[in-house]
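Chain by chain, the residues:
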Amino acid sequence: MNQKHQDTKAPAVEYLDSSSTDSVPGTLEGFHKQLQLLPPYRWLSQAIAGSGISARGLLIATPYLWLLLFFLAPFLIVLKISFSEYAIAQPPYTALFEWVDDIYIQVKLNLENYQLLYEDSLYWRAYLNSVKIAGISTLLALLVGYPLAYGMTRAPRHWRLALLMLVILPFWTSFLIRVYAWIGILKKEGLLNLLLLNLGVIDQPLTVMNTDIAVYIGIVYSYLPFMVLPLYASLEKMDDSLLEAAADLGCRPIKSFWQITFPISIHGVIAGCFLVFIPALGEFVIPDLLGGSGTLMIGKTLWAEFFSNRDWPLSSAVAVVLLLILVVPIVAFQKMQEKDKVA
Amino acid sequence: MAASGQEVRKKWEPWNDPQEKPHVQLVGVTKRFGDFTAVDNISLDIYKGEFFSLLGPSGCGKTTLLRMLAGFEQPSQGQILLEGSDMAGVPPYRRPVNMMFQSYALFPHMSVETNIAFGLKQDKIPKGEIAQRVDEVIELVELSAFAKRKPHQLSGGQRQRVALARALVKKPKMLLLDEPLGALDKKLRAQTQFELMNIQEKLGITFVIVTHDQEEAMTVSTRIAVMDHGRIVQVATPNEIYEYPNSRYVAGFIGDVNIIEGRVSEVGEGYLAIASEQSGCSIRTRHALDAPVGAAVWIALRPEKLVISMDAPADTRTNCMAGEVWDIGYLGNLSIYHVKLDSGAMITTAQTNRTRDTDRPITWEDRVYLTWTPDAGIVLGQ
């Protein structure tokens, strides 16, 4: 009764209207207004408004700020350390900038680390071997991953989600544990040799463990999902009628794969190859656990320089060169693609 | 077929010539997918140089039939003969037949030129000849300015032309078109229909087109096969299909039609008299049908064949229905009248607006009389 009386007194519609514009739940505007009640937020937003930066500009700047903070800044620190000298100190390198007589800043650029990388063949061989191992692994992952992704897109629609889950599923277990599991499979008394011996395929156990082959197996296994997922994404988008059109125009199925399917999925191929090649190049866990003493990879070298020798400047130099090896071809490739698009 | 035989000009009608050999022959073709019969025992002859339409609602099996001609599906039963040779087991890439896909299926990574040249390259034709033939066909479809573009840089209409050029450049014995104009807007579609006809006439290739758009089928075809539930209901020229449909389904599918129920009351010399409670009168019609007295029949009346008038006809022998104007639709060129008969049945009639009067004499709730000549009604059995 009382409630009803109140309702009739106030013009219900107008009342609701004016209050709802103040705090529409779920809209940014309303959220912003509520946050204004908190002093720190109010000061910050006033400062931003005062400096002439719009909310839009801030939004666009966010990814750049993120990269600046978490990529460029650490890289500059590493670059700085790479130009300093090894010292028994805390931290274990000399300062790059030094005050002299309180008025000069002295910059000591020590190029010795880079010179060592150039002169000592160990590093060159480690880089080259890493490129070789990462390259071959990428190729193998492509050879395994392409048929897998292709098969997934050809599977009945209601199976595809389950198949995708199966590809992603290994990520739910620790990477280290999975690499250790491979030791159990590949070692002399491991599952692989046991199986082959019992089947009578071989009469002497194979030596796979602690060789480059084990490293290839480990890398292909670990990074296969990174190859399969972009391939799957690009193959799934393909219209089946394209293959029918090719057949209709006189193209045999095998030929139409190379003329139609593969070129259309090339972006997936490139993305997958980058996603496998880049982490594989710097990989150190897999060669460390599965590879032998002869398996030379730059990630392992870097690890040894940093943790065993505690030579921060040298390992920083190794890291900088590794980054350049990766960045230069990627940038060149992107330039090429942009040119393609313009043409 | 009501051929009057008075024509002086010779008609091109190979399907009426027993001497003519069919270009494509379908003999009892059936296609089943599991329990579902998509195409049910179809026999059909298509002649060289025809523009043949398969017309029907979606799911009637017309596309399946086309895909069997292209070789993407194999018939479960029956034979498809192309120029007398059985096509069973011949894969699509060996058939001298090309298809234009509904989605156009242009290769997105190739330019217009390379898309068109694709089919010729498969046949290992020398480079010079490929270039020449591609140029010819690009000119035919008026795409010379766009030869270097990729499909995604073209408009819908331009893509449609590329798809057509790509299918034509191989000079197939037969061109199959799956809803070729479905993605175009109405104006462009009408224009393209005529272009398709011109191209077909110029090249003399047999065209088989699948469409659900009856207007399109009527415009372009030499003959139309109207399909329903995997069967062919009628095969005839557009004119015959419209004026002499063989069933209520065909009459209703092609154009607008009023269907009136009745019973044969008298079979006379060249005419039928039909008593119809629905229309409230006895209908005389000239179109013959083998129906005995007392048989239930349906009379199909095209809206434009009815004449609407405020005055009752003087002559009692004229076919006439009386009713009240219920609705008027003014379309500019036409006015559509919905007339409610005394029996409650609703009849549609269309009148051409020949004058520019803005005041039409007939208006809502007027008592009107619909008359038609004995020729105009189509008598249909069950």
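Computed from a predicted model, the values in this text were never measured in an experiment. Residue numbers restart at each chain and count upward from 1, following the sequence in its written direction. Starting at A for chains and at 1 for ligands, labels are handed out in the order in which the entities are written. Local features are withheld for residues below a pLDDT of 70 in this predicted model, meaning they are given only at 70 or higher, and side-chain atom pairs are given and counted only at 80 or more; totals for whole chains, interfaces and linings count all residues. Side-chain numbers here rest on the full set of heavy atoms in the structure, without hydrogens or water.

Details of the overall build of chain A
Each helix corresponds to a stretch of at least 4 residues labelled H or I by DSSP, and each strand to a stretch of at least 2 residues labelled E; elements are numbered beginning at the N terminus. Secondary structure assignment for chain A yields 17 helices and two strands. At 30 Å, chain A has a C-alpha radius of gyration far larger than the 20 Å of a compact globule built from 343 residues. Referenced to the eigenvectors of the C-alpha coordinate spread, the extents of chain A come out at roughly 100 × 80 × 50 Å. For every residue, the accessible area obtained with a 1.4 Å probe (protein chains only) is divided by the maximum for its type, and the residue is called buried under 20%, exposed over 50%, and partly exposed between those limits. Counting the 343 residues in chain A, one finds 32% classified as buried. Carbon together with sulfur atoms contributes 69% to the accessible area of chain A, which is approximately 22100 Å² in total. For this measure, only C-alpha atoms enter the radius of gyration; the expected value for a globule follows 2.2 Å times N^0.38, where N is the number of residues. Using a 1.4 Å probe, the Shrake-Rupley method yields the accessible areas, and only the shown protein chains count as cover for residues.

Side note on the layout of surface pockets
All names here are of chain A. Definitions used for this entry: grid spacing 1 Å over protein atoms alone; cavity, a set of points where a 1.4 Å probe fits but cannot get out; pocket, an open set with protein on both sides within 12 Å along at least 5 of 7 lines; lining residue, one with an atom within 4 Å of a point. Grid points are joined across faces, edges and corners, and a volume is the space filled by probe spheres set on the points. Roughly 500 Å³ of internal volume is contained in the second largest pocket. Around the second largest pocket, the lining is made up of 15 residues, and of these H32, Y41, I48, A55 and L58 lie nearest the centre. When contributions to the lining of the second largest pocket are tallied by element, the ones reaching two or more residues are α3 (28–35), α4 (39–50) and α5 (55–82). Its residues assigned to classes, the lining of the second largest pocket shows 11 nonpolar, three polar and one charged. Basically, the charged four are Asp, Glu, Lys and Arg, the nonpolar ten are Ala, Val, Leu, Ile, Met, Phe, Trp, Tyr, Cys and Pro, and anything else, Gly included, counts as polar.

Details of helix α11 (residues 212–236) of chain A
At 3.6 residues per turn, the α-helix brings residues three or four places apart onto the same side. One less than the number of residues in a helix, times 1.5 Å, gives the span that helix is expected to have. For α11(A), with 25 residues, the first-to-last C-alpha span of 34 Å sits near the 36 Å given by 1.5 Å per residue. At Y223(A), α11(A) shows its largest bend, some 50°, and a proline, P225(A), comes one to four positions later. The bend reported for a residue corresponds to the angle between axes fitted to the seven residues ending at that residue and the seven starting there.

A few points about empty space enclosed by the protein
Where empty space is left in the structure can be found by rolling a water-sized probe over the atoms. Residue and element names in this part refer to chain B. Counted according to the given criterion, the structure contains one cavity of 30 Å³ or more. A volume near 30 Å³ is recorded for the largest cavity. Taken together, M68, P75, I80, M87, A88 and R95 make up the lining of the largest cavity. Grouping the amino acids of the lining of the largest cavity by side-chain chemistry returns five nonpolar, no polar and one charged.

So, a positive patch on the surface
Patch building starts from residues that exceed 30% relative accessible area and form no salt bridge, then joins like charges within 9 Å and nonpolar side chains (Val, Leu, Ile, Met, Phe, Trp, Tyr) within 5 Å. Salt bridge, as applied in this entry: a Lys or Arg side-chain nitrogen positioned within 4 Å of an Asp or Glu carboxyl oxygen. The charged-residue count follows a simple rule in which Lys and Arg add positive charge and Asp and Glu add negative charge, with His and chain termini not counted at all. Where a charge sits is defined by one atom per residue type, namely NZ (Lys), CZ (Arg), CG (Asp) or CD (Glu). Among the surface-exposed residues, R252(A), K255(A), R94(B) and K124(B) lie close enough to one another that they form a single positively charged patch. With respect to the helices, strands and loops of the structure, K124(B) is situated in the loop between α2 (112–122) and α3 (127–140). By relative accessible area, which is 69% here, K124(B) ends up exposed.

Quick look at the sheet that holds strand β5 (residues 85–86) of chain B
All names here are of chain B. Taken in spatial order, the four strands make up an open sheet running β2-β1-β4-β5, and their pairing is antiparallel. The open sheet terminates on both sides in strands that have one partner only, identified here as β2 (36–46) and β5. DSSP-based pairing: two strands are paired if at least 2 bridges between them are found. Pairing between strand β4 (residues 77–82) and β5: two bridges, direction antiparallel. Bridge pairing links L81 to D86 in β5.

Details of the interface of chain B and chain A
The contact rule is simple, with two residues in contact once any of their heavy atoms fall within 4.5 Å. In this assembly, 23 residues from chain B lie in contact with 18 residues from chain A. Inspection of the region where chain B meets chain A yields one salt bridge. A salt bridge links E244(A) to R67(B), with the nearest nitrogen and oxygen atoms 2.6 Å apart. Put simply, the parts of the chain that give the side of chain B that touches chain A at least two residues each are α1 (62–70), β6 (97–100) and α2 of chain B. Considering only residue class, the side of chain B that touches chain A consists of 13 nonpolar, five polar and five charged.

Describing the sheet that holds strand β13 (residues 281–285) of chain B
Residues and elements named next belong to chain B. Strand order in this open sheet of five strands is β13-β12-β11-β14-β20, and the pairing throughout is antiparallel. The open sheet has two free edges, formed respectively by β13 and β20 (378–380), since each of these has just one partner strand. The sheet shows a mean angle of 40° between the axes of neighbouring strands, direction not considered. Two elements, strand β11 (residues 258–267) and strand β12 (residues 272–276), share four bridges in a ladder whose sense is antiparallel. Paired with V264 across the two strands is I274, which belongs to β12. Fitted lines through C-alpha atoms give the axes, limited to the stretch in contact for helices. The angle between two N-to-C directions lies from 0 to 180 degrees.

Here we look at α4(A)
For α4(A), built from 12 residues, the straight-helix expectation of 16 Å at 1.5 Å per residue is met to within 8% by its first-to-last C-alpha distance of 16 Å. The positive-phi residue at the C-terminal boundary of α4(A) is G52(A), with phi of around 85°.

Overview of the confidence of the model for chain A
Predicted coordinates in areas of low pLDDT are best not read in detail. Per-residue pLDDT for chain A has a mean of 86; in total, 91% of the residues score no lower than 70. Confidence per residue, as judged by the predictor, is encoded in pLDDT with a range of 0 to 100. Below pLDDT 50 for its whole length, residues 10–24 of chain A participates in six contacts with residues either more than four positions away or in separate chains.

Re the packing of aromatic side chains
Two aromatic rings, taken as a pair, are described by how far apart their centres are and by the angle between their planes. Stacked, tilted and edge-to-face are the three classes applied to pairs of Phe, Tyr and Trp rings, where Trp contributes its six-membered ring and a pair requires centres within 6.5 Å; stacked means planes under 30 degrees apart, edge-to-face means over 60, and tilted covers the rest. A full pass over the atoms with the stated rule returns 23 aromatic pairs over all chains. On the numbers, 5.6 Å between centres and 40° between planes, the contact of Y146(A) with F262(A) is tilted. Taken as a pair, Y146(A) in helix α7 (residues 121–154) and F262(A) in helix α13 (residues 253–264) lie far apart in primary sequence, 116 residues in all. Assessed through its relative accessible area of 7%, Y146(A) is described here as buried. Two conditions define a charge sitting above a ring: the NZ of Lys or the CZ of Arg must be within 6 Å of the ring centre, and it must be within 35 degrees of the ring normal. Stacked on the ring of Y242(B), the Lys or Arg R302(B) has its end atom at 3.9 Å from the ring centre. In this structure, K340(B) is placed above the aromatic ring of W326(B), and the distance from its NZ or CZ to the ring centre is 4.4 Å.

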